[in-house]
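# Residue-level structural notes
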Amino acid sequence: ITTTAVNDFHRKQGKDQPMLEAEIINRPLRQPLDYESDRTQIPGHTVAVDAIDPSFAREAGESKVVPSIGGFRDCVVGIDEATLFVKIMGRVSKSQPEKVIHRMLNTWQGRWQSVQRVKADKEFVTLHIVEMCEANGITVKQAVPGVHQRGNQLVEGIIRWLQDVAQGHMNRLRALVTHTN
């Protein structure tokens, strides 16, 4: 068996599945030609947006949204990816996400004058929002559904931190309430 005979065999017969998989695994990784990095170091360039789900109270076995002070049912968090500046906005209804994005973009424009990209999940990627952003030269990128590590990991981390802090305060409050009874 010679190298030429093996190469001729593969050229005529083709490679079997395990050989093809081994070739793919061992192939050096290369960036795609159209690769665009999601990371930025320019303040105000990219804002990642996501909603914090509303709090619920259980009354007679059913979940019921509990409005907060001011009547807000949930809130939207925006984070600047370069500076980690966070803006939290209360929301009375989920029916018009474009209003929240418009307010968020006004905050970013007022602070840095240079929003280039908005990253959000499907709730905030509507035709109206995309048209509004494109009219202002802003690119909208939708996060991969169900995979928070790709696209919106910073805002998801902030949301988790806020929820953990709130739960910690509620746990301390529960201890105070049981001691006063």
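These lines cover the structure that appears in this document, whether it is placed above or below.

## Considering the packing of aromatic side chains
- What the rule picks out here adds up to three aromatic pairs.
- Ring geometry for F85 and W112: centres 5.4 Å apart, planes at 80 degrees, overall edge-to-face. Note that F85 is positioned in the loop between strand 4 (74-80) and strand 5 (86-91) and W112 in helix 3 (residues 97-112), a separation of 27 residues in sequence.
- A relative accessible area of 17% places W112 in the buried class.
- Ring pairing ties together the aromatic residues F85, W108 and W112, which thus form one cluster.
- If you follow R111 out to its NZ or CZ, it ends over the ring of F85, 4.0 Å from the centre.
- Between R111 and the ring centre of W112, over which it is positioned, the NZ or CZ distance is 5.1 Å.

## Section: the pairing of strand 4
- Among the seven residues of strand 4, seven are classified as buried, and the element is accordingly described as predominantly covered.
- Here strand 4 shows two buried faces, one formed by D74, V76, G78 and D80 and the other by C75, V77 and I79.
- Relative to strand 4, strand 1 (residues 46-52) runs antiparallel, the two being bridged by six bridges. Of the residues in strand 4, the one forming a bridge with A48 is I79.
- Where strand 4 and strand 5 come together, six bridges link them in antiparallel fashion. Paired with C75 across the strands is G90, a residue of strand 5.
- Between strand 4 and the antiparallel strand that follows it, strand 5, lie five residues; L84 among them carries a positive phi value of about 65 degrees.

## Some words on the pattern of salt bridges
- Across all of its chains, the model carries four salt bridges by this definition.
- A single network of salt bridges, built from pairs that share partners, joins D74, R91 and E123.

## Focus on unusual backbone geometry
- The phi dihedral of L84 is positive, around 65 degrees, even though this residue is not glycine.
- Inspection of the secondary structure assignment puts L84 in the loop between strand 4 and strand 5.

## Re the packing of helix 3 against helix 4 (residues 127-135)
- In contact at an axis separation of 9 Å, helix 3 and helix 4 are set at 25 degrees when each is read in the N-to-C sense. Taken together, the axis directions place helix 3 and helix 4 in an arrangement best described as roughly parallel. As for the relative orientation of helix 3 and helix 4, their crossing is right-handed in sense. On helix 4, the residues touching P97, E98, I101, H102 and L105 of helix 3 are H128, I129, M132 and C133.
- Looking at the contact of helix 3 with helix 4 residue by residue, the class counts come to six nonpolar, two polar and one charged.

Rules used throughout
Residues numbered from 1 in each chain as written. Predicted model: local features only at pLDDT ≥ 70, side-chain atom pairs only at ≥ 80, totals over all residues. Heavy atoms only, no water. Phe/Tyr/Trp six-rings, centres within 6.5 Å; stacked < 30°, edge-to-face > 60°. Helix = DSSP H or I, 4+ residues; strand = E, 2+ residues; numbered from the N terminus. Buried < 20%, exposed > 50% of the residue type's maximum accessible area, 1.4 Å probe, protein only. Lys NZ or Arg CZ within 6 Å of the ring centre and 35° of its normal. Pairing = 2+ DSSP bridges. Salt bridge = Lys/Arg side-chain N within 4 Å of Asp/Glu carboxyl O. Axes fitted to C-alpha atoms, helices over the stretch in contact; angles between N-to-C directions. Parallel < 35°, antiparallel > 145°, perpendicular 65-115°, else oblique. Left-handed = near helix turned anticlockwise from the far one by under 90°. Contact = heavy atoms within 4.5 Å. Nonpolar A, V, L, I, M, F, W, Y, C, P; charged D, E, K, R; others polar.

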